[in-house]
Amino acid sequence: MTAETTDREAGADAPPPDRRREQRGWYFYDFACSVYSTSVLTVFLGPYLTSVAKAAADAEGFVHPLGVPVRAGSLFAYAVSASIVLAVLVMPLAGAVADRTGRKKPLLAAAAYVGAGATTGMFFLEGDRYLLGALLLVVANASLAVSMALYNAYLPQIAGPEERDAVSSRGWAFGYTSGALVLVLNLVLYSGHASFGLTESAAVRVCLASAGLWWGAFTLVPLRRLRDRRVAPGGGGGSVGPGWRQLVATLRDMRRHPLTLSFLLAYLVYNDGVQTVISQASIYGSEELGLDQTTLITAVLLVQVLAVAGALGMGRLARSYGAKRTILGSLAVWTLILAAGYFLPAGEPVWFYALAGAIGLVLGGSQALSRSLFSHLVPRGKEAEYFSAYEMSDRGLSWLGPLVFGLAYQLTGSYRDAIVSLVLFFSVGFVLLARVPVRRAVAAAGNPVPERI
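Residues numbered from 1 in each chain as written. Predicted model: local features only at pLDDT ≥ 70, side-chain atom pairs only at ≥ 80, totals over all residues. Heavy atoms only, no water.

What follows deals with the overall build of the protein chain. Within the protein chain one finds 18 helices and two strands. By residue count, 53% of the 453 residues in the protein chain fall in the buried class. Considering only contacts within the protein chain whose residues lie at least 6 apart along the sequence, 83% involve residues at least 24 apart. About 18800 Å² of surface is accessible on the protein chain, with carbon and sulfur atoms providing 64% of the total. (Helix = DSSP H or I, 4+ residues; strand = E, 2+ residues; numbered from the N terminus. Buried < 20%, exposed > 50% of the residue type's maximum accessible area, 1.4 Å probe, protein only. Contact = heavy atoms within 4.5 Å. Areas by Shrake-Rupley, 256 points an atom, 1.4 Å probe, with all protein chains shown as cover.)

For the structure shown, the criterion picks out 20 aromatic pairs. When the centroid spacing of 6.3 Å and the interplanar angle of 65 degrees are considered together, the rings of Trp-26 and Tyr-27 count as edge-to-face. Classification of Tyr-27 as buried rests on a relative accessible area of 6%. The interplanar angle of 70 degrees and the centroid separation of 6.3 Å between the aromatic rings of Phe-31 and Phe-174 together place this pair among those described as edge-to-face. Placement of the pair is Phe-31 in helix 2 (residues 16-56) and Phe-174 in helix 7 (residues 164-191), with a sequence separation of 143 residues. A connected cluster of aromatic rings, assembled from ring pairs, spans Trp-26, Tyr-27, Phe-28, Tyr-29, Phe-31, Tyr-151, Phe-174, Trp-214 and Phe-218. In this structure, Arg-71 is placed above the aromatic ring of Tyr-409, and the distance from its NZ or CZ to the ring centre is 5.9 Å. (Phe/Tyr/Trp six-rings, centres within 6.5 Å; stacked < 30°, edge-to-face > 60°. Lys NZ or Arg CZ within 6 Å of the ring centre and 35° of its normal.)

It is worth spelling out the nonpolar core at this point. Counting 132 residues, the largest nonpolar core has Trp-26, Tyr-29, Leu-45, Leu-137, Trp-215, Phe-263 and Trp-334 as its most contacted members. The element that contributes the greatest number of residues to this core is helix 2, accounting for 17 residues. Sequence-distant contacts of Phe-263, that is, excluding residues within four places in its chain, are made with Tyr-270, Ser-370, Leu-373, Phe-374, Leu-377, Leu-433 and Val-436. (Core = buried A, V, L, I, M, F, W, Y, C linked by side-chain atoms within 4.5 Å.)

Okay, helix 10 (residues 258-288) next. Helix length check: helix 10 (31 residues) gives 42 Å between terminal C-alpha atoms against 45 Å at 1.5 Å per residue, within 8%. When the local axis directions of helix 10 are compared, the greatest deviation, roughly 45 degrees, occurs at Gln-280. Counting buried residues along helix 10, 22 of its 31 residues qualify, which places the element largely inside the surrounding structure. (Expected span 1.5 Å × (residues − 1). Bend = angle between axes of the 7 residues up to and from the residue.)

Any two side chains of opposite charge can pair, given that their charged atoms come close. In the structure shown here, the tally under the stated rule is four salt bridges. Notably, a salt bridge pairs Glu-288 with Arg-416, separated by 3.2 Å at the nearest N-O pair. In this pair, Glu-288 sits in helix 10 while Arg-416 sits in helix 16 (residues 415-420), placing the two residues 128 residues apart along the sequence. Overall, Glu-288 belongs to the partly exposed group, its relative accessible area being 23%. Residue class for Arg-416 comes out buried when judged on its relative accessible area of 18%. (Salt bridge = Lys/Arg side-chain N within 4 Å of Asp/Glu carboxyl O.)

So, about the packing of helix 10 against helix 17 (residues 423-434). Where helix 10 meets helix 17, the axes come as close as 8 Å, and the angle between the chain directions of the two elements is 155 degrees. When the interaxial angle is binned, helix 10 and helix 17 end up roughly antiparallel. Crossing of helix 10 over helix 17 shows left-handed handedness. From helix 10, Phe-263, Leu-265, Ala-266, Val-269, Tyr-270, Asp-272, Gly-273, Val-274 and Val-277 reach across to helix 17, where they touch Phe-425, Phe-426, Val-428, Gly-429, Leu-432 and Leu-433. Taken together, the residues of the contact of helix 10 with helix 17 sort by class into 12 nonpolar, two polar and one charged. (Axes fitted to C-alpha atoms, helices over the stretch in contact; angles between N-to-C directions. Parallel < 35°, antiparallel > 145°, perpendicular 65-115°, else oblique. Left-handed = near helix turned anticlockwise from the far one by under 90°. Nonpolar A, V, L, I, M, F, W, Y, C, P; charged D, E, K, R; others polar.)

The N-to-C vectors of helix 11 (residues 293-321) and helix 12 (residues 323-342) enclose an angle of 130 degrees; their axes lie 7 Å apart at closest approach. Considering their axes alone, helix 11 and helix 12 lie oblique with respect to each other. Taken as a pair, helix 11 and helix 12 cross one another with a handedness that is right-handed. When helix 11 is examined against helix 12, the residues Met-314, Leu-317, Ala-318 and Tyr-321 are found in contact with a partner set consisting of Ala-323, Arg-325, Thr-326 and Ser-330. The residue makeup of the contact of helix 11 with helix 12, split by class, is five nonpolar, two polar and one charged.

Glancing now at the side chain of Glu-22. Within the secondary structure, Glu-22 sits in helix 2. In contact with Glu-22, other than residues within four places in its own chain, are Ile-158, Arg-225, Leu-226, Arg-227 and Arg-229.

It is worth spelling out unusual backbone geometry at this point. A positive phi angle is found at Leu-66, which is not glycine, with a value near 55 degrees. The topology assignment puts Leu-66 in the loop between strand 1 (62-63) and strand 2 (70-71). Taking the relative accessible area as the measure of exposure, Leu-66 reaches 89% and is therefore exposed.

We now examine a nonpolar patch on the surface. A grouping of Val-85, Leu-86, Leu-89 and Val-90 is seen on the molecular surface, where their side chains present a nonpolar patch of about 290 Å² in accessible area. On the secondary structure map, Val-85 appears in helix 3 (residues 75-101). (Patch = residues over 30% accessible without salt bridge, like charges linked within 9 Å, V, L, I, M, F, W, Y side chains within 5 Å.)

A few words on the environment of Leu-49. Along the polypeptide, Leu-49 turns up in helix 2. Owing to a relative accessible area of 1%, Leu-49 belongs among the buried residues under this scheme. In this structure the C-alpha to C-alpha distance between Leu-49 and Leu-75, which are 26 residues apart in sequence, comes to 8.1 Å. Among all residues touching Leu-49, those that are not within four sequence positions of it are Leu-75, Phe-76, Leu-125, Tyr-130, Gly-133, Ala-134 and Leu-137.

In this model helix 17 runs 16 Å from its N-terminal to its C-terminal C-alpha over 12 residues, within 8% of the 16 Å that 1.5 Å per residue would give. Listed as buried for helix 17 are Phe-425, Phe-426, Gly-429 and Leu-433. Buried residues in helix 17, looked at end-on, bunch into an arc of 90 degrees, giving them a common side. Where the residues of helix 17 are buried, they touch helix 10, helix 12 and helix 15 (400-412). (Arc of directions from axis to C-beta.)

Here we come to the environment of Gly-179. Residue placement: Gly-179 occurs in helix 7. Accessibility expressed as a relative area gives 0% for Gly-179, which makes it buried. The contacts of Gly-179, once residues within four sequence positions are left out, are Thr-38 and Gln-304.

Below is the structure:
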């Protein structure tokens, strides 16, 4: 029996009261860290770090970190890309240590509090301190990715197979709830900053730092309720090397299931486009369309609300038309969204709101259905390792979209050209997914083929 099997059975066989207590604690990490994704990464930091970089730029609009000329407007995208590369280097090491020792909780605490500390430190991002801002972003974003990998690894331990979808969905709902709640508080503070005795810049820095404080405070709940499991003798390996070796072994095993691998490749391409749109939309709105932070905050709130409704609606469509067709339809909508974004008039928030509404309607559903479709393509008994590769591979490629966005702006000086360059990810992803015979892929994985998929 492997350590992984022991953990899974411990989660499934634990007394219901203990299991429910752990599950409720697990939900709260999503509640804690999702505020970073919404308030910091999606709304405030992109425009603010760009303004700080512009304050430090030369007459041609370039800053020179380590002597390398970089357009001030590309700095945020490059920092996001660098943070993901760092996360990919650290995640296998953290995963290997967790597997070897069975002590995920101390590692989760370390990643969470490094990220929360870096986010809180953004309060000191002012003047021309663009290098400080870029460094804090790289540390916080990489820490979030590592902590989420450890957090997701608890799911097989705290929930049996029959309840795992429901537990995972509740965690997702907790995250969206906290993101919306804190955005409302941010909106009140930012829009009324003068009445609080704050400058606009100070209000942004308070919003950034408060996300770090929120992240750190609510992380205490899962740290109190989650528990580490004992590793079976010899089950954890002897060094951090098995983290990479397991990933390589899983990818080699996937070669025996080429249709599963084909779907994974398609997902990685179009999901990179999704993640890049989310992280770069605020810069596009502020820098290209000239919209204020109040408009950006309310637009992201609209996305948060409609993402839940969109996921439920796309779930109903999938029951009628199958998950693959529904995802393909959502990718077509994503392509239209980017095309419409290219032509959005500056200074017209109503059109930006319309685009945000469209993003919300396809955001949650396209990601949720992709995960559920992949679950049908995983060979029985290999769920944990395949989903580990799914997570690792996702993080491994999602640096490419921000890099393409940053390079497009670097070369053209136009955010409209940068945003439309992302059409490539959705169109290529569409073609790759359309070529996957999912019914045959499910059967090849040894799973029963649903009536509609």
